[in-house]
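Single-letter residue listing:
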Amino acid sequence: MLTHFMTPLEKLKETLFSVAPIVAIVIVLSVTLAPLEGPLPGRFALGTALLVIGLAVFLLGVDIGLTPIGQLLGHTIGHSGKIAVVISATLALGLFISIAEPDLHIYATQVETVTGGMLGKMFLVVVVSLGIAVLLTIGMVRIIRSIPLKFILLASYVLVAILGVIAPTEYLAISFDASGATTGALTVPFILALAAGVSSMKKDSARAEADAFGLVAIASVGAIIAVLATAIIFQLGEIPRDIPAPEVSDLGPLAAVAHEAPRQFRDVALGLTPILGSFLVGLVARFFKVGRTKLRGIIFGVIFSYLGLVIFLTGVNAGFMDVGRTIGQVLAAERPAAVLLAVAFVLGLVTILAEPAVYVLMDQVEDVTSGSVGRRAVMVSLALGVGIAVMLSTARVIVPGLELWHILLPGYVIAIAMMFFVPELFTGIAFDSGGVASGPMTATFVLAFAQGAAAGTPGANVVIDGLGVIATVAMTPLIAIQILGLIYSIKTRKGTHA
């Protein structure tokens, strides 16, 4: 199978397309409903430029460096044939991959800020990564033993429900958000490569195709379980409700970048080192062979990934998120609730339309259904679903008594019930695609917008009400894609009986 790698210019166009709708909304809002003052417009402009450039360079590095590493390690694990090797290697790789995920670092930084440091960034990153590693290992064993995906997911979410009842309320939002944030641009290609490596050992091609999906879904549940279990075991207790909302920095554009960049150089190096180390160990131990040309490409890919990630995270933290937080706060404090909800819905629509991974998902669904479910059906269903999800998350801020579990519980009950009526292939794609919806724009601008809305609403809590938007957005594809699976199943049966 030939793989098409985008050129740097194509990557730049892709990221520009991703960010452009958000920028357009900010410009419109800044001259109408939510004026931006002081250094914020300049910081947003510089932060956006760094975000676009950094994300383009990072995604290019993922294509030519990190994804080939994941494929090499995945095939090595998959063809080892030894369950002990699969378990130990997957545990280590799951931990390393999750620790390096940029979306998780962005989210953990925001949690550290809104909790007043009670939940530290690296503490949350390590907890989530451990959960990802354990559930990823269980998912790999499932592929080897051909255990139906729906049974693993059902057992996992029953455990989540039990832990969710016991743990303090605010950790429910943090855990589900972390689950959506951790399945990002770096984690998903690695996990898919691992799944493909193990499932390719199966002689039954249909079984191998079905088993190749679902590993991302299983791994992401690990983040939820890990956060909730940690809150219970270590008796973290309730997060104080009187923690003040994060203040928007008054630094100028260049000063904000200079303040943020050194931390990102350090944190990104710490995140990528374990993955690079795993590759070097495999290379030195001759677990796989790599030609000089490919090795040179991988080296450049890792360098691009590092520099791109530093630039991206610097831009996000230096100005991009502060503007989202400010707009949410101004709209909540000074405009009617209907305006806030309408803006939230539009943000959801353009966010999903702008996620590059959505177009990969559309192609995937169209391919496996041989065109019975078209690209437009996938896009429309996801766009409407995510728009409603962001609007519901914002409604939690302004409607007293509306809690996150009021939205997630019925949503997941519906999604899990549908597993027993939908072809298993669609179930795997649906639960894997939660990370598609909750991409960089959701983890940055949309989440900051929700936190700002909570800060601007009297009586709202930034932790309990301001978090949870990633969780709601990540739930949408579970239902939307399975509905498309039901449509495909009905069409297939009609075709058979015709």
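Refer to the structure presented above.
Since the model is a prediction, treat every value here as computed from it, not as a measurement.

Below, the discussion takes up the overall build of the protein chain. Regarding its fold elements, the protein chain presents 20 helices and zero strands. Residue burial in the protein chain is summarised as follows: out of 498 residues, 56% are buried. For the protein chain, long-range pairs separated by at least 24 residues make up 87% of all intrachain contacts whose partners lie at least 6 apart in sequence. Approximately 19700 Å² of the protein chain is accessible, and the part contributed by carbon and sulfur atoms is 70%.

Within the largest apolar cluster, 149 residues are counted, with the highest numbers of intra-cluster contacts made by Tyr 107, Ile 174 and Ile 327. The element best represented in this core is helix α12 (residues 292-334), accounting for 14 residues. Beyond its immediate stretch of four places on either side in the chain, Ile 174 contacts Tyr 107, Val 111, Leu 119, Leu 124, Val 227, Ile 239 and Leu 467.

Once that is clear, we can look at the packing of aromatic side chains. Here the structure, examined in full by the defined rule, presents six aromatic pairs. Look at Tyr 157 and Tyr 412: their rings are 4.9 Å apart centre to centre, the planes differ by 35°, and that puts the pair in the tilted class. Linking Tyr 157 in helix α6 (residues 149-166) with Tyr 412 in helix α16 (residues 404-418), this pair joins segments that are 255 residues apart in sequence. Each member of the pair, Tyr 157 as well as Tyr 412, carries the same accessibility label: buried. A network of ring pairs unites the aromatic residues Phe 44, Phe 320 and Phe 445 as a single cluster.

Structurally, Thr 230 can be placed in helix α10 (residues 215-233). In this structure Thr 230 touches Phe 123, Val 127, Gln 235 and Leu 236, once residues within four positions along its chain are discounted.

Glancing now at a nonpolar patch on the surface. Residues Ile 147, Phe 151, Leu 154, Val 158, Ile 162, Val 165, Ile 166, Phe 420, Phe 421 and Leu 486 make up a contiguous nonpolar surface patch of about 940 Å² in total accessible area. Sort the elements by how many residues they give to the nonpolar patch and α6 lands first, with six residues. By the element assignment, Phe 420 lies in the loop between α16 and α17 (424-432).

Taking 1.5 Å per residue, 23 residues should reach 33 Å; helix α1 (residues 8-30) reaches 32 Å between its end C-alpha atoms and fits that length. Regarding α1, the residues found buried are Lys 11, Glu 14, Thr 15, Ser 18, Val 19, Ile 22, Ile 25, Val 26 and Leu 29.

Attention shifts here to the pattern of salt bridges. A full pass over the atoms with the stated rule returns five salt bridges. One salt bridge connects Arg 43 with Asp 322, and the closest N-O pair in it is separated by 2.6 Å. You can see Arg 43 sitting in helix α2 (residues 40-78) and its partner Asp 322 sitting in helix α12, a full 279 residues away along the chain. Residue Arg 43 is classed as buried on the basis of its relative accessible area of 2%.

A few words on the environment of Val 125. With respect to the secondary-structure elements, Val 125 resides in helix α5 (residues 121-145). Linking Val 125 and Glu 101, residues 24 residues apart in sequence, is a C-alpha distance of 9.2 Å.

Attention now moves to the packing of helix α4 (residues 102-114) against helix α7 (residues 169-182). Two elements in contact, α4 and α7, have axes separated by 8 Å at closest approach and are oriented at 155°. With respect to each other, α4 and α7 are oriented roughly antiparallel. Handedness of the α4/α7 crossing: right-handed. Here α4 contributes Asp 103, Leu 104, Tyr 107 and Val 111 to the contact with α7, which in turn contributes Ala 173, Ile 174, Asp 177, Ala 178, Ala 181 and Thr 182. Tallied by class, residues from the contact of α4 with α7 come to seven nonpolar, one polar and two charged.

The subject of this paragraph is the environment of Ala 195. Structurally, Ala 195 is set in helix α8 (residues 187-199). Along the sequence, Ala 195 and Gly 214 sit 19 residues apart, while their C-alpha atoms lie 8.6 Å from each other.

To continue, consider the side chain of Thr 314. Structurally, the position occupied by Thr 314 is in helix α12. Ignoring anything within four residues of it in the chain, the contact list for Thr 314 reads Leu 50, Val 257, Glu 260, Ala 261 and Gln 264.

Moving on, we get to the packing of helix α3 (residues 83-100) against α5. Contact geometry of α3 with α5 gives a least axis separation of 8 Å together with a crossing angle of 145°. Considering only the axes of α3 and α5, their crossing is right-handed. For the contact of α3 with α5, the residue count by class is 16 nonpolar, five polar and one charged.

Moving on, we get to the environment of Leu 55. Topologically, Leu 55 is positioned in helix α2. Overall, the relative accessible area of 7% leaves Leu 55 in the buried class. C-alpha separation for the pair Leu 55 and Leu 12, spaced 43 residues apart in sequence, amounts to 8.2 Å. With sequence-adjacent residues up to four places away left out, Leu 55 is seen in contact with Thr 15, Leu 50, Gly 308 and Phe 312.

Calculation notes
Residues numbered from 1 in each chain as written. Predicted model: local features only at pLDDT ≥ 70, side-chain atom pairs only at ≥ 80, totals over all residues. Heavy atoms only, no water. Helix = DSSP H or I, 4+ residues; strand = E, 2+ residues; numbered from the N terminus. Buried < 20%, exposed > 50% of the residue type's maximum accessible area, 1.4 Å probe, protein only. Contact = heavy atoms within 4.5 Å. Areas by Shrake-Rupley, 256 points an atom, 1.4 Å probe, with all protein chains shown as cover. Core = buried A, V, L, I, M, F, W, Y, C linked by side-chain atoms within 4.5 Å. Phe/Tyr/Trp six-rings, centres within 6.5 Å; stacked < 30°, edge-to-face > 60°. Patch = residues over 30% accessible without salt bridge, like charges linked within 9 Å, V, L, I, M, F, W, Y side chains within 5 Å. Salt bridge = Lys/Arg side-chain N within 4 Å of Asp/Glu carboxyl O. Expected span 1.5 Å × (residues − 1). Axes fitted to C-alpha atoms, helices over the stretch in contact; angles between N-to-C directions. Parallel < 35°, antiparallel > 145°, perpendicular 65-115°, else oblique. Left-handed = near helix turned anticlockwise from the far one by under 90°. Nonpolar A, V, L, I, M, F, W, Y, C, P; charged D, E, K, R; others polar.

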